[in-house]
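Read off the chains here:
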Amino acid sequence: VVPTIDTEIPEYVDYEIKDQDKIILEFSKDVLPTGATYVLKNSDGNTISLAQTGWYKDGAGRVYRKKIELQRPGGLVFDPDYYVLSIQDVVDYTPQENRIIPITIEFTVIDNISPEVKSVRVKDRQLFINFSESLDPNTATSRNSYRYLSFKTYASNIFPEETIYELIAGDRTVVIT
């Protein structure tokens, strides 16, 4: 039996943005989970720090050696933006460590994380609702975005038509009057 030497280089196949805090890169064959160089730049040309966390593991703990998981340090989410990712020095899982041809990919991260209510307070017949992030002005000032619970009927009611909705404080606070 004559052994064959694998000289086929790994190739980039696809990417996936998972939970807005992970970039999953897929390659054509098993690759080493460390040692590659990944440079991520946003639409302003600023370099975004990345941590290569290793092979991708699904929710059941299954390891995919063709997939590499990248995250921001501390698990920060990727801001909604257009990005350019340079990939180089990825090597396959063979003794020859066949190296990928450097490649640059482009992608857009969309905001798929709902804002969270941080605080609610009442002052002078006004309701102040503070959120975890800036809000879309159209959604934030829409009558259909808010309801209240009636303690008499335990029904969820929409505010009266004359109610005024105002967005303040860097688009993070809604005032309902």
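Everything below is about the structure shown above.
The structure presented is a predicted model; accordingly, all values stated were derived computationally and were not measured.

1. Overview of the sheet that holds strand β3 (residues 37-41)
Alright, step 1. Spatially, β4-β3-β7-β8 is the arrangement adopted by the 4 strands of the open sheet, whose pairing is antiparallel. Each end of this open sheet is capped by a strand with a single partner; those strands are β4 (47-48) and β8 (103-109).
Alright, step 2. As judged from the 5 bridges shared by β3 and strand β7 (residues 81-88), these two strands associate in the antiparallel manner. Within β7, the position partnered with Val 39 by the bridge is Ser 86.

2. Quick word on unusual backbone geometry
Alright, step 1. Residues other than glycine seldom take positive phi values, yet Ala 169 does so here, at roughly 50°.
Alright, step 2. By secondary structure assignment, the location of Ala 169 is in the loop between β13 (165-168) and β14 (173-176).
Alright, step 3. Its identity is not glycine, yet Asp 171 carries a phi of approximately 60°, on the positive side.
Alright, step 4. Here Asp 171 shows up in the loop between β13 and β14.
Alright, step 5. A relative accessible area of 32% places Asp 171 in the partly exposed class.

3. Considering the packing of aromatic side chains
Alright, step 1. Following the criterion strictly, the structure yields 8 aromatic pairs and no others.
Alright, step 2. Measuring from ring centre to ring centre gives 6.3 Å for Phe 78 and Tyr 83, while their planes differ by 80°; the resulting arrangement is edge-to-face.
Alright, step 3. The class of Phe 78 is buried, set by a relative accessible area of 1%.
Alright, step 4. Under the relative-accessibility criterion, Tyr 83 is labelled buried at 3%.
Alright, step 5. Of the aromatic side chains, those joined through ring pairs into one cluster are Tyr 15, Phe 78, Tyr 83 and Phe 107.

Conventions we followed
- Residues numbered from 1 in each chain as written.
- Predicted model: local features only at pLDDT ≥ 70, side-chain atom pairs only at ≥ 80, totals over all residues.
- Heavy atoms only, no water.
- Pairing = 2+ DSSP bridges.
- Helix = DSSP H or I, 4+ residues; strand = E, 2+ residues; numbered from the N terminus.
- Buried < 20%, exposed > 50% of the residue type's maximum accessible area, 1.4 Å probe, protein only.
- Phe/Tyr/Trp six-rings, centres within 6.5 Å; stacked < 30°, edge-to-face > 60°.

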